[in-house]
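Next come the chains, spelled out residue by residue.
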Amino acid sequence: MMRPTLILAGVLLASPVLAAGPYAKFSVGNWAGGAFTNNQTGDFSHCAVSASYKSGVTMHASLNGSYGWNLGFSNRAWGLKPGTDVPMEMVFDRNDIVRINAKAVQPQLVVVTMPANSNIVRAFRGAEFLEANMLGARYTFRLTATAELMPALLDCVKTNANLKVAPGTPAPAQGGSGTTAATADPAIQLEAVTLATNFLLKAQLPEPKVLSGPEAPSGIGSNGAGWQAKGATGLVRVLANPNQKDVDVAAAVSAADARGCQGRFASGRTTDTVEGASVLRGFSSCENGGDARYSEFYVLPRKQGGFVMFSVVTTGDGLLHQQRRADFQRAALTSVQ
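Right, let's walk through the structure included here. (Residues numbered from 1 in each chain as written. Predicted model: local features only at pLDDT ≥ 70, side-chain atom pairs only at ≥ 80, totals over all residues. Heavy atoms only, no water.)

1. Side note on the pattern of salt bridges
If you walk through the whole model with that rule in mind, you get 10 salt bridges. Across the pair Arg 99 and Glu 89 runs a salt bridge, and its minimum N-O distance is 2.9 Å. Pair noted here: Arg 99 is in strand E7 (residues 96-106) and Glu 89 is in strand E6 (residues 85-92), with a separation of 10 residues, a long-range link. According to the relative accessible area criterion, Glu 89 is partly exposed, its value standing at 23%. One salt-bridge network, held together by shared partners, links Asp 272, Arg 281, Glu 296 and Arg 325. (Salt bridge = Lys/Arg side-chain N within 4 Å of Asp/Glu carboxyl O. Helix = DSSP H or I, 4+ residues; strand = E, 2+ residues; numbered from the N terminus. Buried < 20%, exposed > 50% of the residue type's maximum accessible area, 1.4 Å probe, protein only.)

Here's what the structure looks like:
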């Protein structure tokens, strides 16, 4: 049976049809959720996450297949009349005030619609604290990892847009992927291994080794190859979808990095010029206690269509990247030419 918080996350779209899920579960900071399907048709509906607070209120955030954002608040003690307006004042970081009429969509759930270009979306992404005044009470929330959460939800929608399950199919147990694995293409995997080999040879890293088959990093899939060298590790992933954009690839990689970080996370991206060519470079850092990890990735066009992503990960402050960045980018660029 689904937990109540995830059931409520499943109805964040205010649909009269209860959604099923979550599938393709993921977590970012103290948020957890996944993809949901329409319980009558089995088609993908939306992605949603929830975070519980000591006040007894659970906050929900969702993004549907039309890229519409919703923010929800639930409390098992509430007894609201579905369809009624709930006046709400939201104060972000004790400074940015938004007054809006939320909607009670379930007796225990209030939902706020967030247009993509609204002040609510911008404030939710960047603020550290939210104070919500509603239903005669004041609730305070620490907004943990919301800057990484929103790209993760976007990645969830893009990844699961074609998700379809038989109506009534239970969500997989924790640890299951929730989606059917794509059929492995030996040619794509061989291409990834070849690109990883070329990258290591051109980058001239010490003690290089390509990792594939049983040695490959967990979850790399059939379109990638891992590698290791003295002081660094990395991946090469072949993304053959011709409809993708390089910025979408970068957003997905950053979202995955955020999900894998249990501490302080920061990320960004820029475009560099390497030997006359534009190279999209993404970067992220993760600090957890005394451990620090720095990662950079380069997204380059693939001759056959789509993109190739090269990543280089080191521990510490990223000094190796500062010293060898031009070499890594040149190695990636010449490997795909």
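2. Quick notes on unusual backbone geometry
Even without being glycine, Leu 135 reaches a positive phi, approximately 55 degrees. By secondary structure assignment, the location of Leu 135 is in the loop between strand E9 (129-134) and strand E10 (137-142). Here the phi dihedral of Gln 204 falls at roughly 55 degrees; this positive angle occurs in a residue that is not glycine. Of note, Gln 204 is situated in the loop between helix H4 (186-203) and strand E11 (209-211). Since its relative accessible area comes to 65%, Gln 204 is described here as exposed.

3. Looking at the environment of Arg 293
Within the secondary structure, Arg 293 sits in strand E16 (residues 291-301). Note: C-alpha distance between Arg 293 and Cys 261 (32 residues apart in sequence) is 9.3 Å. Ignoring any residue separated from it by four or fewer positions in sequence, one finds Arg 293 in contact with Asp 257, Gly 260, Ser 284, Ser 285, Cys 286, Val 313, Thr 314, Thr 315 and Gly 316. (Contact = heavy atoms within 4.5 Å.)

4. Quick notes on the sheet that holds E16
Strand pairing in a sheet relies on backbone hydrogen bonds. The paired strands run either parallel or antiparallel. One open sheet holds the 7 strands; their spatial order is E11-E12-E13-E17-E16-E15-E14, and the pairing between them is antiparallel. The sheet terminates laterally at E11 and strand E14 (264-274), the two strands that pair on one side only. When strand polarity is set aside, the average angle formed by the axes of neighbouring strands in this sheet is 20 degrees. Sitting on the sheet, helix H6 (residues 319-336) is in contact with strand E13 (232-239), E14, strand E15 (277-288), E16 and strand E17 (307-315), with an inclination near 30 degrees to E16. (Pairing = 2+ DSSP bridges. Axes fitted to C-alpha atoms, helices over the stretch in contact; angles between N-to-C directions.)

5. Describing the pairing of E10
Summarising the sheet, E9 and E10 pair through 6 bridges and their orientation is antiparallel. Bridging across to E10, Phe 129 finds its partner in Arg 142. With antiparallel pairing between neighbouring strands as the criterion, E9 and E10 make up a hairpin whose turn holds 2 residues, including Leu 135 at a positive phi of roughly 55 degrees.

6. Focus: the packing of aromatic side chains
All chains considered together, the criterion is met by 7 aromatic pairs. For the ring pair Trp 78 and Tyr 139, a centre distance of 6.1 Å and an interplane angle of 70 degrees mean the geometry is edge-to-face. Remark: Tyr 139 occurs in strand E10 and Trp 78 occurs in the loop between strand E5 (69-74) and E6; sequence separation between them is 61 residues. Each member of the pair, Trp 78 as well as Tyr 139, carries the same accessibility label: buried. Look at Phe 199 and Phe 328: their rings are 6.4 Å apart centre to centre, the planes differ by 40 degrees, and that puts the pair in the tilted class. Taken together, the residues span a long stretch of sequence, with Phe 199 in helix H4 and Phe 328 in helix H6 at a distance of 129 residues. Given the relative accessible area of 0%, Phe 328 is considered buried. Taken together through their ring pairs, the aromatic side chains of Phe 199, Trp 227, Phe 310 and Phe 328 make up a single cluster. (Phe/Tyr/Trp six-rings, centres within 6.5 Å; stacked < 30°, edge-to-face > 60°.)

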